[in-house]
Amino acid sequence: MNRRQFIKSGSIAAAASAVINTASAASHAGKAKPFKLKYAPHQNHFKLHAGDDIIDQIKFAHDHGFRASEDNRMPTRPVAEQEKIGKTLDDLGMEMGVFVAYGNFTEPTFAVKSEDAQADVLQKIREAVDIAKRVNAKCFTVVPGSVDQQSATSGKDWNRYGGSRLSEGYQTANVIELLRRCS
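Caption draft 1: A look at the overall build of the chain. Assigned secondary structure in the chain consists of 6 helices and 4 strands. Along the chain, from the amino end to the carboxyl end, the secondary structure elements read α-α-α-β-α-β-β-α-β-α. Expressed as a percentage of the 183 residues in the chain, the buried residues total 32%. For the chain, contacts bridging at least 24 residues in sequence account for 74% of all contacts bridging at least 6. For the chain, the exposed area adds up to about 11800 Å²; of that, 55% sits on carbon and sulfur atoms.

Caption draft 2: Focus on a nonpolar patch on the surface. Taken together, the side chains of F35, L37 and Y39 define a hydrophobic patch exposed on the protein surface, amounting to about 300 Å² of accessible area. For Y39, the location among the structural elements is in the loop between α1 (3-28) and α2 (47-50). The exposure class of Y39 is partly exposed, given its relative accessible area of 43%.

Caption draft 3: Geometry of the packing of helix α4 (residues 79-92) against helix α5 (residues 115-135). Two numbers describe how α4 lies on α5: the axes approach to 7 Å, and their chain directions differ by 40 degrees. Classified by the interaxial angle, the pair formed by α4 and α5 is oblique. Residues V79, Q82, E83, I85, G86 and L89 of α4 lie in contact with α5, whose contacting residues are I131, R134 and V135.

Caption draft 4: Highlighting empty space enclosed by the protein. All told, the structure shown has 1 cavity of 30 Å³ or more when counted by the stated rule. Taken as a whole, the largest cavity holds about 90 Å³ of empty space. The wall of the largest cavity is formed by 13 residues, among which P41, H42, Q43, I58 and S69 lie closest to the centre. Ranked by residues supplied to the lining of the largest cavity, first place goes to helix α3 (residues 54-63) with 4 residues. The residue inventory of the lining of the largest cavity, partitioned by class, reads 7 nonpolar, 4 polar and 2 charged.

Caption draft 5: Spotlight on the side chain of N174. Structurally, N174 is set in helix α6 (residues 168-182). We classify N174 as buried; its relative accessible area is 9%. Residues contacting N174, with those up to four places away along its chain left out, are F110, A111, V112, K113 and L166.

Caption draft 6: View of the packing of aromatic side chains. Summed over the entire model, instances satisfying the criterion amount to 6 aromatic pairs. A centroid spacing of 5.2 Å and a plane angle of 90 degrees characterise the contact between F35 and Y39, whose relative ring orientation is edge-to-face. Between Y102 and F110, the aromatic rings sit 5.9 Å apart at their centres with planes inclined by 50 degrees, giving tilted as the arrangement. What makes Y102 buried here is its relative accessible area of 9%. Chaining the aromatic ring pairs together yields one cluster made of F35, Y39, F46, F60 and F66.

Caption draft 7: Examining the packing of α5 against α6 more closely. Two numbers describe how α5 lies on α6: the axes approach to 10 Å, and their chain directions differ by 35 degrees. Between α5 and α6 the crossing geometry is right-handed. Along the contact surface, α5 presents E115, Q118, V121, L122 and I125, while α6 presents L178, R181 and C182. Each residue belonging to the contact of α5 with α6 can be placed in one class, and the counts come to 5 nonpolar, 1 polar and 2 charged.

Scoring rules and cut-offs
- Residues numbered from 1 in each chain as written.
- Predicted model: local features only at pLDDT ≥ 70, side-chain atom pairs only at ≥ 80, totals over all residues.
- Heavy atoms only, no water.
- Helix = DSSP H or I, 4+ residues; strand = E, 2+ residues; numbered from the N terminus.
- Buried < 20%, exposed > 50% of the residue type's maximum accessible area, 1.4 Å probe, protein only.
- Contact = heavy atoms within 4.5 Å.
- Areas by Shrake-Rupley, 256 points an atom, 1.4 Å probe, with all protein chains shown as cover.
- Patch = residues over 30% accessible without salt bridge, like charges linked within 9 Å, V, L, I, M, F, W, Y side chains within 5 Å.
- Salt bridge = Lys/Arg side-chain N within 4 Å of Asp/Glu carboxyl O.
- Axes fitted to C-alpha atoms, helices over the stretch in contact; angles between N-to-C directions.
- Parallel < 35°, antiparallel > 145°, perpendicular 65-115°, else oblique.
- 1 Å grid on protein atoms, 1.4 Å probe; cavity = no way out; pocket = protein on both sides within 12 Å on 5 of 7 lines; lining within 4 Å.
- Points joined across faces, edges and corners; volume = space filled by probe spheres on them.
- Nonpolar A, V, L, I, M, F, W, Y, C, P; charged D, E, K, R; others polar.
- Phe/Tyr/Trp six-rings, centres within 6.5 Å; stacked < 30°, edge-to-face > 60°.
- Left-handed = near helix turned anticlockwise from the far one by under 90°.

Here you go:
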């Protein structure tokens, strides 16, 4: 078999396989056995299959055996949409997995002892509790931010909340203290 013939027959086989797989997936939609574990896909995992609407994506996930959902952008969604998500999950017998209540990957919001930083964090946590009630979530994720890495040579001001460079032990103590206040 020459190269052209091989590529042609391979392409035909691949196309036939794609048609069969698509037809098979469509015929099994809504018939998937639920997973025994609570796997929780994130928003947009099924966007190509279910479209842009988050509710349609949740329904698609349910039809394919998932019984939980996660949404790290939940705090950015309008309240009405959060309520709709919560109702959809409840109607389908699904659970809301975690969502990110607070996340900061660039500033030492927890590591520094700053009333302004703590007030910002605590406000976000209060808002997250309300969100959790709307979507029937039992837990959420908190990302405490970075450590205070400011150095004389970096030129970066990692510590916009004031304070000074603290040893790792003091930064850890500050993180623990603020996590307690969040609780």
